[in-house]
Structure formats: structure tokens, C-alpha cells
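Secondary and tertiary structure notes
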Amino acid sequence: DSGVTQTPKHLITATGQRVTLRCSPRSGDLSVYWYQQSLDQGLQFLIQYYNGEERAKGNILERFSAQQFPDLHSELNLSSLELGDSALYFCASSVSLLSGGHNEQFFGPGTRLTVL
Amino acid sequence: GEDVEQSLFLSVREGDSSVINCTYTDSSSTYLYWYKQEPGAGLQLLTYIFSNMDMKQDQRLTVLLNKKDKHLSLRIADTQTGDSAIYFCAESPAPVDTGRRALTFGSGTRLQVQP
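Notes on the structure follow. (Residues numbered from 1 in each chain as written. Chains lettered and ligands numbered in written order. Predicted model: local features only at pLDDT ≥ 70, side-chain atom pairs only at ≥ 80, totals over all residues. Heavy atoms only, no water.)

Quick notes on the side chain of Gln 44 of chain A
Residue and element names in this part refer to chain A. Using the following cut-off: Secondary structure is summarised from DSSP: a helix means a run of H or I of at least four residues, a strand means a run of E of at least two, and numbering begins at the N terminus for each. Side-chain atoms alone can form a polar contact between residues adjacent in sequence; in general such a contact is a pair of N or O atoms within 3.5 Å, and within protein one must be able to donate a hydrogen while the other accepts it. Any two residues having at least one pair of non-hydrogen atoms within 4.5 Å are treated as being in contact.
Examined against the element boundaries, Gln 44 turns out to sit in strand S5 (residues 42-50). At 2.5 Å, the side chain of Gln 44 and the side chain of Asn 59 are in polar contact. The contacts of Gln 44, once residues within four sequence positions are left out, are Trp 34, Tyr 35, Gln 36 and Asn 59.

Laid out in C-alpha cells, this is it:
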């Protein structure tokens with residue numbers, strides 16, 4: 001158990017809909033990362049938050065957004081869903097040292113999203 | 001941009017050594033990681049190596065880094081059936097801007113261990 005929790009575990013929805021995925025980081029971790037794992041794109045970084053602020057963006061679509069709340073949990077919002085959005089969405093957290101140092105990211109179990 | 005490549009599949013017999021290879025393009029990578037993903041599970045960090053090291057050993061795992069060729073390998077000694085999983089190589093950039101530490105992953109190598 002990594003200490004990172006994600007809900008829900010599975011989500012099935014229809015095209016055009018909007019869903020929210022939730023992540024609670026490990027106690028004490030300030031950084032949250034969202035990754036998408038799909039068969040055709042592999043494991044891709046979407047977005048990073050650090051202590052409530054967006055820190056880095058990867059291959060995140062404009063239809064997707066995220067936020068990190070004062071209690072450090074994070075939500076990933078996916079809207080106008082398409083079939084190709086079906087994937088496993090992982091959240092990871094780390095202490096995220098700002099200068100040097102090994103930055104181990106602890107991954108949650110993921111949310112499997114199926115868009116029909 | 002950053003790119004990490006791995007072979008897709010490796011099959012070994014139980015008790016043999018497994019060697020999983022990875023190449024990366026970002027010369028500014030400071031840390032390189034190996035993650036393991038078992039079916040239906042998240043990613044588990046196995047080991048990591050700092051870019052100024054050539055080798056790191058951790059029990060059955062040996063990581064070799066050839067920085068000149070940007071080549072990383074993971075050797076698993078005495079491979080067991082429980083080692084069957086997908087292994088991801090990942091790199092992390094130098095934290096040149098505060099806090100940006102996202103990982104770039106390879107496509108993963110599926111290791112199949114035959115009894």
C-alpha cells in the first residue's frame with residue numbers, strides 16, 4: 001500500500017459526459033501528479049500540482065482540468081468525454097524537494113475509466 | 001524533447017537472470033528509475049540511480065547506467081515467477097525550475113517468467 005488513495009476504482013460512462021477523479025496523497029506529500037496510461041499512448045504525464053498551485057503541464061487536453069485543494073487532495077476533471085479517453089488514470093504524490101534530491105513518487109492504484 | 005525507449009517483451013526461465021534495457025534521450029536527466037507494475041495494480045518503485053553513478057545493487061536487482069550512450073539496464077538475478085510484471089524505465093529532469101519533477105516513462109517491458 002503506497003499510502004495514495006484514488007476513487008473511484010472503476011468508472012463507466014458515455015461519450016460527451018463529464019467525470020471527476022479524486023486523489024488523496026500520502027500524508028505530508030505536497031506534490032500531486034496525474035498520469036494517463038492507455039494502450040496506444042503508454043504512460044503519460046498530465047499535470048502536476050505543488051501545495052495547491054499548478055507546477056507543470058504535460059500532455060493534458062483542454063477538455064481536462066485539475067485542481068489541488070487546501071487539504072492537498074486533488075481532483076482531475078474530464079469533460080466532453082470521447083472513446084479515446086478510456087484509460088487508467090494514476091495519481092502519484094511526492095514530497096517534491098525543490099532543490100536536488102531524489103524525488104520518489106508514490107503511485108495510487110489508479111482509476112479505470114471506460115467511455116462507451 | 002524527452003524520450004525513453006524499451007523493448008516490449010522478455011521471456012526467461014525461473015532461476016535465470018533477466019536483463020531489461022532502456023535508452024533515453026534527455027542528457028539532463030538526473031535520476032533514472034525502474035518501476036514495476038503487476039496486473040491490475042499501480043506502479044511500485046523498484047530502484048533508482050543518480051546520473052553520476054555507474055552501478056547500483058539492491059539485493060537481486062542491479063542497475064547499470066552508461067551515461068555516454070544514455071543506456072540503462074535492470075538485471076534481476078534468480079528470476080522468480082513472482083517477478084512476472086511490466087517494468088517501466090523512467091527519467092526525471094534536473095529541477096532547474098522549482099518543483100517540476102514529472103517522470104517520463106518508457107513503454108514498459110513485459111517480463112514473463114516460465115516455471
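The structure having been displayed, the exposition proceeds.
Quick look at the sheet that holds strand S8 (residues 71-76) of chain B
All names here are of chain B. Here is the rule: At least two DSSP bridges between two strands are needed for those strands to be called paired. Simply put, an axis is a line fit to the C-alpha atoms, just over the touching stretch for a helix, and the angle between two N-to-C directions goes from 0 to 180 degrees.
The strand order across the open sheet formed by 5 strands is S1-S3-S8-S7-S6, and the pairing between neighbours is antiparallel. Every interior strand has two partners, whereas the edge strands, strand S1 (4-6) and strand S6 (55-58), have only one. On average, each strand axis in the sheet is tilted by 15 degrees relative to the strand beside it, whichever way the strands run. Bridge analysis of strand S7 (residues 61-66) against S8 gives 6 bridges, and the strand direction is antiparallel. Counted as the bridge partner of Thr 62 is Arg 75 from S8.

Section: the nonpolar core
We apply this condition: What is meant by a nonpolar core is a set of buried Ala, Val, Leu, Ile, Met, Phe, Trp, Tyr and Cys residues, joined one to another through side-chain atoms within 4.5 Å. Burial status follows relative accessibility: with a 1.4 Å probe on protein chains alone, a residue under 20% of its type maximum counts as buried, one over 50% as exposed, and anything between as partly exposed.
Counting residues in each nonpolar core, the largest one holds 21 residues, and the members touching the most others are Leu 21, Trp 34, Leu 76, Leu 78, Tyr 89 and Leu 113 of chain A. Apart from residues lying up to four places away in sequence, Leu 21 of chain A is in contact with Thr 7, Leu 11, Trp 34, Ser 74, Glu 75, Leu 76, Leu 78, Tyr 89 and Thr 111 of chain A.

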